[in-house]
Amino acid sequence: MHVLAVASEMHPFIKTGGLADVVGALPAALAPFGVTVTTVLPGYPAVLAAIGAAEAVAHYPDLFGGPARLLRASVGSTRLLVVDAAHHFQRGGGIYSEASGREWGDNWRRFAALSAVAASVAAGAVADYRPDLVHAHDWQAALTLAYLRHGPRADLPAVMTIHNLAFQGGIDAGLFPQLGLPASAFAVDGVEYYGGVGYLKAGLFYADAITTVSPAYADEILTPSHGMGLDGLLGDRRGRLHGILNGIDTAEWDPASDLAVPVHFDAHDLAARARNREHVEQRFGIASGDGPLFAVVSRLTWQKGLDILAATIDDLVAMGGRLAVLGSGDPAIEAAMFDAAARHPGKVGVLTGFDEPLSHRVQAGADAILIPSRFEPCGLTQLYALRYGCVPVVAHTGGLGDTVIDANQAAVAAGVATGVVHDPGSQEALRSAIHRTVTLYAQRDVWTAMQRAGMEADFSWRQSAARYADLYQSLLQERTPA
Ligand code: ADP
């Protein structure tokens, strides 16, 4: 089966978050199930550099304001179709925002362009390529399904995956004519969303199946508090909604072989982690100490609850903890983290920016990772932490609750505890979770058992890839005329 995936980021070519990891890992995970994935990606400078010389397999004289080509490339076993459109994708700054952090004003057009090209491929724009199914990821790819349903291959099965419902993509109705969709698409049974155009809404409406990245989040988004305005539509389509837990790439994230990690280790040899911790301490300017070294590897945003953490750092230090923060985002949260570092020299260290190798080293050296998210569709950071013997301290929400087993008395006694779970959204709950963590850390046997239980848990793609493959197969059958 040939699946055409569409996404705005993909590891190892371009990454701002978990979306890239998932889009990057799924093709290899699906291969054993007979699924061949080709991914349509924007031709950002980093992507063009990664693919090198590539064959142009389609041309677009005017792709929303300029000429474009579609480049076909294989990098290792990864098959790509790259939208080479300089006017949309070759610019400095970030992939979604200017260097100042302000979103590009034409993101609506850039990702409509990505989606229109993807739909053209589904409809046969590449002479020797006929996908059986289209799989769009997040709002940037969601209009693919609108173009698909209003094009010559409207019958192709299509899947829409929600990685984060907080990002929906939308424009005023006045811009709708520029999207090149038929007027009939501007309807509630179409792309219209509260009088404007909703990109993710459109994808959810036109999809044969909607997936999201954990079973808990699939339930949560049906409620007004987590549905972000789309709970009504999702409720209408609940029979088509599937929560499939993200996996991790266990070859890339393997503490026994990770090239980014100074000293390799496994579940039977945790002592080596001490030297990795020293490395993290040095890098973040933190002195050694008896209490646990906590870490954050994250976007610094309200969603991630890191304002709550910032307000709890004095307590963390008072309890004997130390903290290394790797991340950037909301300027107020960044400033609060730097203030805390200034108040607690040698105890709290902050590095901003996006540093993939350092994120591996932090997981390999820190004792515990803090993820106090207000909501979390799946979360990958806690999965990497589990695999690296870095105990996750997480809010009970979305995929965090699905993947971390709280160290309550019964779970500790049974030897199944893997982390510390607390209520989301409250400073008091986070403070008490940090206190519990410090206490558990002091009980060396209990702590080591938690590390081992986490490291031995299976969060590989195996089971989840099988679920995607089954879903694809069932949609193919459903769409095949009897
Ligand atoms: P989200 O996609 O909401 O940001 P996830 O936990 O699903 O959260 O995925 C975050 C991904 O981004 C993980 O791979 C994590 O290691 C990585 N990451 C986050 N911040 C940084 C950073 N500053 N440097 C390197 N990697 C980071």
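Above this text sits the structure in question.
Residues numbered from 1 in each chain as written. Predicted model: local features only at pLDDT ≥ 70, side-chain atom pairs only at ≥ 80, totals over all residues. Heavy atoms only, no water.

A. Spatial organisation of the pairing of strand β1 (residues 2-6). Most of β1 sits inside the fold, with four of its five residues counted as buried. With five bridges joining them, β1 and strand β2 (residues 36-42) adopt parallel strand pairing. Residue pairing across strands places His 2 opposite Thr 36, the latter belonging to β2. Handedness of the β-α-β unit built from β1, helix α1 (residues 18-30) and β2 comes out right-handed. Pairing of β1 with strand β6 (residues 133-137) involves four bridges; the strand directions are parallel. Residue pairing across strands places Val 3 opposite Leu 133, the latter belonging to β6. (Buried < 20%, exposed > 50% of the residue type's maximum accessible area, 1.4 Å probe, protein only. Helix = DSSP H or I, 4+ residues; strand = E, 2+ residues; numbered from the N terminus. Pairing = 2+ DSSP bridges. Right-handed = clockwise from strand over helix to strand, strands pointing away.)

B. Molecular detail of the state of the cysteines. This model, assessed by the stated rule, comprises zero disulfides. You can see Cys 378 has no disulfide; the closest cysteine sulfur is in Cys 390, sitting 17 Å from it. Residue classification places Cys 378 among the buried residues on the basis of a relative accessible area of 2%. Judged by its relative accessible area of 1%, Cys 390 falls in the buried class. (Disulfide = S-S within 2.5 Å.)

C. Spatial organisation of the site of the ligand. For the ligand, the set of nearby residues contains 20 residues, the closest of which are Lys 15, Gly 18, Asp 21, Arg 299 and Gly 353. Between the ligand and Gly 18, the relevant distance is 2.7 Å, taken from an oxygen atom to a main-chain nitrogen or oxygen of the residue. Here Lys 304 contributes a side-chain N or O atom positioned 2.9 Å from an oxygen atom of the ligand. Isolated, the ligand exposes 560 Å² of accessible area, and the fraction of that covered by the protein chains is 93%. Elements with a contribution of two residues or more to the shell around the ligand: α1, β13 (293-300), β14 (322-329), α14 (356-365) and α15 (381-387). Composition of the shell around the ligand by domain shows at least three residues from each of domain 1 (2-247 + 462-479) and domain 2 (270-456). (Near = heavy atom within 4 Å. Polar contact = N/O pair within 3.5 Å; in protein donor to acceptor, adjacent residues only side chain to side chain. Areas by Shrake-Rupley, 256 points an atom, 1.4 Å probe, with all protein chains shown as cover. Domains from an automatic or database assignment.)

Note that all results are geometric; they support no functional claim without further evidence.
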